[in-house]
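Geometric and topological summary
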Amino acid sequence: MGAGQWYLRSSGGNRAFQFGNSADKITPGDFTGDGKTDIAFWRPSTAQWFVLRSEDGSFYAFPFGSPGDIPVPADYDGDGKTDAAVFRPSELNWYIQLSGGGVIVQQFGAFGDKPVVADYDGDGRADAQEFGLRCRRELRWFCLFR
Ligand SMILES: [Ca+2]
Ligand SMILES: [Ca+2]
């Protein structure tokens, strides 16, 4: 298993460092809510989230999901913080750990669908409270608005 190498280019200069490994799924988002994206990944083997805080570069980890899930982090409750979330293809359930508290379990989709999260109704809340699925066979989009 290879190392997870990150290459960042920003106004402060370029930087490269190792965080995670090549089997991890990258899940960047603003988990800490300071307006800056935090480098993050989800580890499929243990269903753990690892977040590198944009504030000070320290990291924290927490379990959410199960092996076999697909990570779909986004700001579902619209509070400015990215929420950890997974889509479970085997049961078509979305599990969302809201940063404001609580967990949502929502069944949505059909077998073979691929989860895609975005601000589908354009209400300005980035990625908030919407679920999207793209049906591979029909190449159509299905959205669920909450
Ligand atoms: Ca942040
Ligand atoms: Ca949130």
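Calculation rules
Throughout this document, residue positions are counted from 1 along each chain, in the order its sequence is written. Chains and ligands are labelled by the order in which they are written, letters from A for the one and numbers from 1 for the other. Restriction of local features to residues with pLDDT of at least 70 applies here, the model being predicted, together with a cutoff of 80 or more for giving and counting side-chain atom pairs; totals for whole chains, interfaces and linings are based on all residues. In DSSP terms, a helix is any run of H or I states spanning at least four residues, a strand is any run of E spanning at least two, and both are numbered starting from the N terminus. Exposure in this text rests on C-beta crowding, where 20 or more other C-beta atoms within 10 Å of a residue's own make it buried, 12 or fewer make it exposed, and counts in between make it partly exposed. The C-beta atoms are placed from the backbone. A pair of residues counts as a contact when their C-beta atoms, built from backbone coordinates, are separated by no more than 7 Å. Known as pLDDT, the predictor's confidence for each residue is given on a scale from 0 to 100. Pairing between strands requires that DSSP locate at least two bridges from one strand to the other. Under the definition applied here, buried Ala, Val, Leu, Ile, Met, Phe, Trp, Tyr and Cys residues are grouped into a nonpolar core through C-beta atoms within 7 Å.

This brings us to the overall build of the chain. Assigned secondary structure in the chain consists of zero helices and 13 strands. Secondary structure elements in the chain, listed N-terminal to C-terminal, are β-β-β-β-β-β-β-β-β-β-β-β-β. When each of the 146 residues of the chain is scored for burial, the buried share is 24%. When contacts within the chain are restricted to residue pairs at least 6 apart in sequence, those whose partners lie at least 24 apart make up 19%.

On average, residues of the chain score 80 in pLDDT, and 79% of them reach the 70 mark or higher. Mean pLDDT across the secondary structure elements of the chain bottoms out at strand E13 (residues 140-145), with 47, and peaks at strand E5 (residues 48-52), with 96. Segment residues 126-130: pLDDT under 50, and 23 contacts once partners within four positions in sequence are set aside and those in other chains are kept. This stretch, residues 134-143, has a pLDDT under 50; its non-local contacts, to residues over four places away or in other chains, come to 17 contacts.

With that out of the way, let us pick up the pairing of strand E9 (residues 93-97). Moving residue by residue along a regular strand, the side chains alternate between the two faces of the sheet. Side chains Trp94 and Ile96 project from E9 onto a buried face, and the interleaved Asn93, Tyr95 and Gln97 project onto a face without burial. With five bridges joining them, strand E8 (residues 84-88) and E9 adopt antiparallel strand pairing. Looking at E9, one finds that Arg88 is bridged to Asn93. Bridge analysis of E9 against strand E10 (residues 103-107) gives five bridges, and the strand direction is antiparallel. The residue of E10 that forms the bridge with Gln97 is Val103.

On to the pairing of E8. Counting buried residues along E8, four of its five residues qualify, which places the element largely inside the surrounding structure. Inspection of the sheet shows strand E7 (residues 70-71) paired to E8 by two bridges, in the antiparallel sense. Looking at the pairing, Pro71 lines up with Val86 of E8. In this antiparallel pair of consecutive strands, E8 and E9, the connection spans four residues, and Leu92 shows a positive phi of 60°.

Membership of the largest hydrophobic core comes to 17 residues, with the highest contact counts inside it found for Ala40, Trp49, Val51, Val72 and Ala85. If you list the elements that add at least two residues to this core, you get strand E4 (39-43), E5, E8 and E9. Beyond its immediate stretch of four places on either side in the chain, Ala85 contacts Val72, Pro73, Ala74, Tyr76, Trp94, Tyr95, Ile96 and Gln97.

Pairing between the strands of a sheet is mediated by backbone hydrogen bonds and can be parallel or antiparallel. Reading across from one edge, E3-E4-E5-E6 is the order of the four strands in this open sheet, with antiparallel pairing throughout. At either margin of the open sheet sits one strand with a lone partner, and together these are strand E3 (25-26) and strand E6 (59-63).

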